[in-house]
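Report on the structure
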Amino acid sequence: MADIRLITFDLDNTLWDVDKVIVRAETKMREWMHKHAPASLNYYSNDYLLEIRQRVVEDNPSKRFDLSFMRLAILGEVMSLSGMNKKEAEQTAQRAFDVFFEARNQVKFFSGALEMLSEIKDRYLIYALTNGNADIEKTGLDVYMDGAISAADVSASKPNPEMFKEVLKRTRLYPENAVHIGDNLVDDIEGASNAGFYSIWVNLKAEKISKDGPKPNHVVTRLSEISTLLESSATAF
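The following paragraphs examine the structure supplied in this document. (Residues numbered from 1 in each chain as written. Predicted model: local features only at pLDDT ≥ 70, side-chain atom pairs only at ≥ 80, totals over all residues. Heavy atoms only, no water.)

1. Overview of the overall build of the chain
Along the chain, the regular secondary structure elements total nine helices and six strands. Taken against the 2.2 N^0.38 rule, which gives 18 Å for 237 residues, the C-alpha radius of gyration of the chain at 20 Å falls within 12% of a compact globule. A buried classification covers 46% of the 237 residues belonging to the chain. Once local pairs closer than 6 in sequence are excluded, the contacts in the chain between residues at least 24 apart make up 60%. With the model as given, the accessible surface of the chain reaches about 12300 Å², and the carbon-plus-sulfur share is 46%. Across the chain, the mean location of the 29 positive side-chain charges is 1 Å away from that of the 36 negative side-chain charges. (Helix = DSSP H or I, 4+ residues; strand = E, 2+ residues; numbered from the N terminus. Rg over C-alpha atoms; globule rule 2.2 N^0.38 Å. Buried < 20%, exposed > 50% of the residue type's maximum accessible area, 1.4 Å probe, protein only. Contact = heavy atoms within 4.5 Å. Areas by Shrake-Rupley, 256 points an atom, 1.4 Å probe, with all protein chains shown as cover. Lys, Arg positive; Asp, Glu negative; His and termini not counted. Charge placed at Lys NZ, Arg CZ, Asp CG, Glu CD.)

2. Comments concerning the nonpolar core
Of all hydrophobic cores here, the largest spans 32 residues; its most connected members are Ile7, Phe9, Leu15, Trp16, Leu141, Met145 and Ile226. Counting residues per element, the ones that place at least two in this core are strand 1 (6–9), helix 1 (18–36), helix 5 (113–120), strand 2 (125–130), strand 4 (178–182), strand 5 (198–202) and helix 9 (225–231). At four residues, the largest contribution of residues to this core is made by helix 5. Counting 23 residues, the second-largest nonpolar core is a separate cluster that includes Val56, Val78, Phe97 and Phe101. (Core = buried A, V, L, I, M, F, W, Y, C linked by side-chain atoms within 4.5 Å.)

3. Here's the deal with the packing of helix 1 against helix 3 (residues 67–81)
Two elements in contact, helix 1 and helix 3, have axes whose closest approach is 14 Å; the angle formed by their N-to-C orientations is 25°. Relative to helix 3, the element helix 1 lies roughly parallel. Judged by the twist between their axes, the crossing of helix 1 over helix 3 is right-handed. Where helix 1 abuts helix 3, its residues Glu26, Met29 and Met33 lie against Arg71, Leu75 and Met79. Its residues assigned to classes, the contact of helix 1 with helix 3 comprises four nonpolar, no polar and two charged. (Axes fitted to C-alpha atoms, helices over the stretch in contact; angles between N-to-C directions. Parallel < 35°, antiparallel > 145°, perpendicular 65-115°, else oblique. Left-handed = near helix turned anticlockwise from the far one by under 90°. Nonpolar A, V, L, I, M, F, W, Y, C, P; charged D, E, K, R; others polar.)

4. Remarks on the sheet that holds strand 5
The strand order across the open sheet formed by six strands is 3-2-1-4-5-6, and the pairing between neighbours is parallel. Every interior strand has two partners, whereas the edge strands, strand 3 (147–150) and strand 6 (218–220), have only one. When strand polarity is set aside, the average angle formed by the axes of neighbouring strands in this sheet is 25°. Pairing geometry for strand 1 and strand 2, over four bridges, is parallel. Paired with Thr8 across the strands is Tyr127, a residue of strand 2. The strands that helix 8 (residues 185–194) touches are strand 4 and strand 5; relative to strand 5, the one it contacts most, it runs at about 160°. (Pairing = 2+ DSSP bridges.)

5. A closer look at the environment of Leu11
Counting through the fold element by element, Leu11 comes out in the loop between strand 1 and helix 1. For Leu11, a relative accessible area of 1% corresponds to the buried category. Separated by 22 residues in the primary sequence, Leu11 and Met33 place their C-alpha atoms 28 Å from one another.

6. Focus: the side chain of Thr171
In this structure, Thr171 sits in helix 7 (residues 162–171). Residue class for Thr171 comes out buried when judged on its relative accessible area of 14%. Residue contacts for Thr171: discarding those within four places in its chain leaves Leu6, Leu125 and Tyr127.

7. Concerning helix 2 (residues 46–59)
Across its 14 residues, helix 2 extends 20 Å between first and last C-alpha, which sits within 8% of the 20 Å expected from 1.5 Å per residue. Looking at helix 2, one finds that the buried residues are Leu49, Ile52, Val56 and Val57. Relative to the axis of helix 2, the buried residues are bounded by an arc of 135° and lie together on one face. Seen from the buried face of helix 2, the exposed residues on the opposite side, beyond 90 degrees, are Asp47, Leu50, Glu51 and Glu58. (Expected span 1.5 Å × (residues − 1). Arc of directions from axis to C-beta.)

8. Observations concerning unusual backbone geometry
Residue Lys158 is joined to Pro159 through a cis peptide bond whose omega torsion reads 15°. Note that Pro159 resides in the loop between helix 6 (151–154) and helix 7. Of note, the phi angle at Arg172 is positive, near 60°, even though the residue is not glycine. Tracing the backbone shows Arg172 in the loop between helix 7 and strand 4. With a relative accessible area of 77%, Arg172 lands in the exposed category.

Note that every value here comes from positions in space, so none of it alone points to a role or purpose.
In structure tokens:
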């Protein structure tokens with residue numbers, strides 16, 4: 001058996017349904033904007049947002065993986081277009097972002113997620129590796145995890161290996177000591193494989209693996225299966 005000491009988790013769509021979370025957060029933010037900055041909604045639309053985002057990326061290329069920065073900067077541009085001066089635009093954008101971010105971290109965990117994390121938290125080092133901007137403290141995951149690394153932290157998103165390299169650097173471990181767990185066959189499974197990590201694919205939707213697609217070491221269809229899989233003497237990575 002491999003000497004597994006580190007477990008890394010993707011977050012969005014692995015531990016919760018991110019689409020529902022983002023829709024709710026966007027709704028909360030738009031409601032706030034409607035009440036406190038109604039004119040800004042004229043520019044917070046598809047007619048303007050693509051162009052604004054492109055401009056923000058062009059002006060801040062090193063920040064394109066930082067979703068929080070991007071959203072805040074886009075909101076700032078939207079507020080400016082609605083007629084606010086720079087200071088007012090920045091302050092209002094921050095307040096709108098705060099509303100979004102609070103709701104963005106109000107997640108509904110998939111069945112078995114927290115129980116599984118509770119079962120393994122004292123046996124391994126556990127880190128989140130996320131392309132998104134969920135906060136492990138705000139979501140309550142800091143009780144189970146030793147840390148988190150986002151695309152913003154390494155200026156690269158999975159499947160780029162930088163996130164995987166960074167967690168090994170922080171934990172002073174080697175790829176053969178690590179298992180990455182996630183739902184995305186490219187970002188998580190291919191990314192883990194390219195970094196030398198073992199992998200477990202969280203396949204909650206009964207999807208099929210294509211003949212030429214990334215191949216995980218193991219597959220689970222329920223999060224509750226992960227603890228048993230990790231501890232089973234029959235598990236070979």
